[in-house]
Every structure is written in C-alpha cells, then in structure tokens.
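This is what each chain is made of:
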Amino acid sequence: MSYSLSELVRPLIFYLLSFITLGSAIMVVVKRNIFHSALFLILSFFGVAALFITLDAEFLAAVQVLVYIGAIAILILFAIMLTRRISDPLVRQTTRSYILGAFVGALLLFFLIFALLQLSPTTPYAPQTVQGGDATYPLGELLMTNYLIPFEVISVLLVAALIGAIILARREKRTGKRGEKR
Amino acid sequence: MSSPTEFLDTLLNITPTHYLVVAFALFAIGLAGVLIRRNAILILMGIELMLNSSNIVLLAAGRSFGLQEQSAGVFVVFVITIAAAEAIVGLALILACYRKWRDVSADRFNLMKW
C-alpha cells in the first residue's frame, strides 16, 4: 500500500512536532544549566501549542502561547535570574537517587501505554469542521452558560493566588531596627 | 500490527491514541524532572510539563470519546488558569525561601519537617 504525498503531510507534521516537544522536554530535565532548561521549556511549550493547532484548537494554541510562554516562562526566567548565584552549573543539580526517579518515570510511562493499548480506541482522526469555521464561538458560549460557575470560581482562585503571591514575596519587615524604610 | 505494512498503516494514520502516547511521554518526562532535580524552580518546570500533557490528553480524548462539543476546550482553559496560579504562588514561595536561606534546593526546604 503506497501513500500519496498529501496523505503523508499530516503524520510528518505530527511526528515533527512530537519530536520537538518531547526532545526539548528531555533537554529541560537533563541540562545542567537551569537557564538553558528554561529556554528549552519555552520550545516545548511552542511544540505543545502547535500540537493544539493540529487538534483544531487554534484559540487554545493562542492562549497557550500567551499564558505559558508570555507569562509563566518569563516569570520562571525572572526567578532564575533572581536566584542566579545558586543556579550556576557548578552546584550539584540532581538528587542522590536520580536513577530511581528516572526509573519511576519510565515505569509510569510503561503502565500508561499498557493501559492505553488495553483500551485501544482506534477511531481515526478526522478533522471536524465547526459551522462557521470557528471553534472559539462555542467555547465562549459554553464558558458563559454551562460552565459559568466554575468560570467564576476560577476567577476568584486567580485573584486569591495573586494576593497570596504578593504577600509571600513581600519583604519581611525587620524587627530589630525600628522605623527603617525599606 | 502483525505485518510491516500494517505497522506502517498504524504509524501513518494519526489517531487520538497517537496524541495520547505523546502526552503520556511528556507526563513521564515531567515526573522524572520533578523527581531527579534538586532545584525548586526546575521542579516547577516539571509540573508545568505535566499540566501541558494533561491539556493534550483533554483535547485528544475530547475528540475521541465524544464529549460535548468544545467541552474539552473549556477544561483546558481551566487547567491553564490553574497552572498560571500555581506558577505565581510557587515562584513567590521560592523567592521567599531564597531570601531567607540563600538557597533554592528542594532538599533544603525542611522547615515544616519534624
């Protein structure tokens, strides 16, 4: 059975994106320099965003780029630069039992794929076309109808996290010297 | 998957199962990162990788198992929000600990251990 070129495009793109995502994720874990790890993390986030596009979730891909890369990754880079002296490559970076950790990860992967093969949903991937060609509209409609209360709760959670972060990261007042402006 | 042509067939017909395998691998890598690295910031990065893999699972499985249209997308939005909140609080905690002990190694944070 031979394949035409147009049939090969989708698998090739999928495997390329998977390779980029997983390869850079592995580099995140194994790189000694944590700054390089963060840069590979950004590449991995981009790969996941591209995978979202191949799953017909363009809006979520945009959200992924905005939130993960634009906010979380930059925040992580800031944190690394603020703790620069500790993050330098000379400090020991792995725990003592790193072989055990890698083994646990591999074991989990094995069991998950084993369970998946027992399940084996073999429905072929068919790109579904939403009426109007835009999947964002039903998403917003669901957020405002069926999932309105979770949406509000998650907004409260986000505000609570922000306030908590401000309180945590605030400099503690030194008790020894009175009236010192910091 | 007995003959090579059938194997090639399963390899080239992209199903949601393929996406699930990629997501599982991403989850395992993130878990390994959390387990083997000492730096608390890198542990946070591993958690972000695991949350990303859960997003891929939600989108792929939402297509495969016939959820209500776009429901999976709503859950992905929630997961991304929670990931952002978790990253904010986690990094604030790490910075507070760094200010206190000049160290961000996870095995150094044993103040609440008894």
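Everything in this summary refers to the structure shown in the same document.

## Observations concerning the overall build of chain A
Tallying secondary structure elements over chain A gives six helices and zero strands in all. Mapped from its N terminus to its C terminus, chain A presents α and β elements in the order α-α-α-α-α-α. Within the span of chain A, comprising 182 residues, buried residues form 32% of the whole. Intrachain contacts of chain A at a sequence separation of at least 6 include 54% that bridge at least 24 residues. Surface accessibility of chain A: about 11800 Å² in total, with carbon and sulfur atoms responsible for 71%.

## A few points about the interface of chain B and chain A
Facing 70 residues of chain B, the contacting portion of chain A comprises 88 residues. For the pair chain B and chain A, the interface holds zero salt bridges. Elements with a contribution of two residues or more to the side of chain B that touches chain A: α1 (4-12), α2 (16-36), α3 (40-64) and α4 (71-101) of chain B. A per-element tally of the side of chain B that touches chain A places α4(B) first, with 23 residues.

## Quick look at the packing of helix α2 (residues 34-54) of chain A against helix α3 (residues 58-82) of chain A
Residue and element names in this part refer to chain A. For the pair α2 and α3, the least separation of the axes is 9 Å and the interaxial angle reads 175°. Here α2 is positioned roughly antiparallel relative to α3, judged by the angle of their axes. Here α2 contributes Ile34, Phe35, Ala38, Leu41, Ile42, Phe45, Phe46, Val48, Ala49, Phe52 and Ile53 to the contact with α3, which in turn contributes Leu60, Ala61, Gln64, Val65, Tyr68, Ile69, Ala73, Ile76, Leu77, Ile80 and Met81. Of the residues belonging to the contact of α2 with α3, the class tally is 21 nonpolar, one polar and no charged.

## Some words on helix α4 (residues 98-119) of chain A
For α4(A), built from 22 residues, the straight-helix expectation of 32 Å at 1.5 Å per residue is met to within 8% by its first-to-last C-alpha distance of 32 Å. Buried residues of α4(A): Gly101(A), Gly105(A) and Leu116(A), and no others. Taken around the axis of α4(A), the buried residues stretch over an arc of 45°, which confines them to a single face. Opposite the buried face of α4(A), by more than 90 degrees, sit the exposed residues Ile99(A), Leu100(A), Phe103(A), Phe110(A), Leu117(A) and Gln118(A). Buried-residue contacts for α4(A) involve α2 of chain B.

## Some remarks on the packing of aromatic side chains
Applying the stated rule across the entire model yields seven aromatic pairs over all chains. Seen from their ring centres, Phe14(A) and Tyr19(B) are 4.7 Å apart, and the 65° between their planes marks the pair as edge-to-face. Here Phe14(A), found in helix α1 (residues 5-30), pairs with Tyr19(B), found in helix α2, and the two come from separate chains. Among the residues examined, Tyr19(B) registers a relative accessible area of 2% and is labelled buried. One aromatic cluster is present, built from ring pairs that chain together Phe14(A), Tyr15(A) and Tyr19(B).

So, how was this worked out
- Residues numbered from 1 in each chain as written.
- Chains lettered and ligands numbered in written order.
- Predicted model: local features only at pLDDT ≥ 70, side-chain atom pairs only at ≥ 80, totals over all residues.
- Heavy atoms only, no water.
- Helix = DSSP H or I, 4+ residues; strand = E, 2+ residues; numbered from the N terminus.
- Buried < 20%, exposed > 50% of the residue type's maximum accessible area, 1.4 Å probe, protein only.
- Contact = heavy atoms within 4.5 Å.
- Areas by Shrake-Rupley, 256 points an atom, 1.4 Å probe, with all protein chains shown as cover.
- Salt bridge = Lys/Arg side-chain N within 4 Å of Asp/Glu carboxyl O.
- Axes fitted to C-alpha atoms, helices over the stretch in contact; angles between N-to-C directions.
- Parallel < 35°, antiparallel > 145°, perpendicular 65-115°, else oblique.
- Nonpolar A, V, L, I, M, F, W, Y, C, P; charged D, E, K, R; others polar.
- Expected span 1.5 Å × (residues − 1).
- Arc of directions from axis to C-beta.
- Phe/Tyr/Trp six-rings, centres within 6.5 Å; stacked < 30°, edge-to-face > 60°.

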